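# Residue-level structure breakdown
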Amino acid sequence: EATVTELAKPKAPTLPDAQKITYVKHWTDRLFSFRVTRPASLRFRSGEFVMIGLMGDNGRPLLRAYSIASPSWDEELEFYSIKVQDGPLTSRLQHLEVGDELIIRPKPVGTLVHDALLPGKRIWFFATGTGFAPFASLLRDPQTYEDYDEVIITHTCREVGELTYGAELIDSIRKDEMLVELIGAENLAKLRYYPTTTREESPKMGRITDLMRSGEVFKDLGIDPINQDNDRAMVCGNLAFNLEIKEILEEFGLREGANSDPKEYVVEKAFVD
Ligand code: A2P
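Residues numbered from 1 in each chain as written. Predicted model: local features only at pLDDT ≥ 70, side-chain atom pairs only at ≥ 80, totals over all residues.

This part takes up the sheet that holds strand E11 (residues 265–269). Across the sheet, 5 strands lie side by side as E9-E8-E7-E10-E11; this open sheet has parallel pairing. Edge positions in the sheet fall to strand E9 (191–197) and E11, since each of these pairs with one other strand and no more. Direction aside, neighbouring strands of the sheet carry axes that sit 10 degrees apart on average. Both strand E7 (residues 122–128) and strand E8 (residues 150–157) contribute to a ladder of 7 bridges, which runs parallel. If you follow Phe126 over to E8, its bridge partner there is Thr154. (Pairing = 2+ DSSP bridges. Helix = DSSP H or I, 4+ residues; strand = E, 2+ residues; numbered from the N terminus. Axes fitted to C-alpha atoms, helices over the stretch in contact; angles between N-to-C directions.)

What follows is the structure in structure tokens.
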């Protein structure tokens, strides 16, 4: 028979909303991605973010907003993160290993969703750095290709190595049999990838903002400049980039939309610890 003291013993501590890490990959000394089991209750729209984190030393969860990089149909969740050496969360997250626990609050939100845009012919995804994450989700969502005739993803990073996660993802979308079947080979032909670097030599150098202002990106892709009738855009990057590209999109006649008020473009800040 159990004694009273045994019955009163607390159970082994388990985190609230805990999930298990299933995969970790380090892309550069500053970037990594990981996959984690998906809470049964979590439904989200591709492009949204959730709060994730670890238990802090004070016994309270230390949480940050992270874009979900996996598509909404995926049975696991994927995240793409920077490593900040003195960042409160990423200094610890970067040491995660398969089997470790991660807190995920199953309340997705965000503006980088198809519902926040009016119908159009062409969708642009503009990313810098880890701002690629929400697009890693949207690019694997069949709806992206059903809604548009052309899908263009631009990714600007300082160095070539920072493009690898995105480049491999694009490659896998085009080659992975399951994804090709799910999205459709004819739909995947709509996908165009435009990577650029700013501080290391690569086939395309320069900030995407400068390449838009000069018209070079439209010339490279062989398309007309952005206009209000045809083009829709989602933007995710660092603060200065977001502000500058907003200005450019407004000059092209696009207006910022929201879930409750869909228009021609939407913006969200990429994660920083
Ligand atoms: P640059 O190297 O010229 O600063 P970060 O790693 O600092 O978040 O930057 C990611 C990428 O975003 C870099 O290639 C950087 O270019 C670029 N970037 C920074 N600010 C802007 C801006 N205002 N407009 C366009 N690109 C920017």
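Right, let's talk about the sheet that holds strand E3 (residues 49–55) for a bit. The 6 strands lie next to each other as E4-E3-E6-E1-E2-E5, forming an open sheet whose pairing is antiparallel. Both edges of this open sheet fall to strand E4 (61–67) and strand E5 (76–82), since each of them pairs with a single strand only. When strand polarity is set aside, the average angle formed by the axes of neighbouring strands in this sheet is 40 degrees. Sheet topology places strand E1 (residues 18–26) next to strand E2 (residues 31–37); 5 bridges connect them, and they run antiparallel. Bridging across to E2, Lys25 finds its partner in Ser33.

The subject of this paragraph is the pairing of E7. Across a regular strand the side chains alternate sides, sitting on one face of the sheet and then on the other. With 6 of 7 residues buried, E7 lies mostly within the body of the structure. Bridge count for E7 against strand E10 (residues 231–237) is 6 bridges, and the pairing is parallel. Across the sheet, the residue bridging to Phe125 is Met234, located in E10. (Buried ≥ 20, exposed ≤ 12 C-beta atoms within 10 Å, placed from the backbone.)

Inspection of the region around the ligand gives 13 residues, with Thr128, Thr198, Arg207, Asn238 and Ala240 positioned closest. Contributing elements (two or more residues each) for the shell around the ligand: E8 and helix H10 (239–251). No other element matches the 3 residues that H10 contributes to the shell around the ligand. Grouping the amino acids of the shell around the ligand by side-chain chemistry returns 3 nonpolar, 6 polar and 4 charged. (Near = placed C-beta within 6 Å. Nonpolar A, V, L, I, M, F, W, Y, C, P; charged D, E, K, R; others polar.)

Moving on, we get to the domain arrangement of the protein chain. According to the domain assignment, the protein chain consists of domain 1 (18–109) and domain 2 (114–269). For domain 1 and domain 2, the distance between their C-alpha centres works out to 23 Å. Tallying the contact residues gives 17 residues for domain 1 and 14 residues for domain 2. Those elements giving two or more residues to the side of domain 1 that touches domain 2 turn out to be E2 and E5. Residue contributions to the side of domain 1 that touches domain 2 peak at 4 residues, all from E5. Residue classes in the side of domain 1 that touches domain 2 are distributed as 8 nonpolar, 8 polar and 1 charged. (Domains from an automatic or database assignment. Contact = placed C-beta atoms within 7 Å.)

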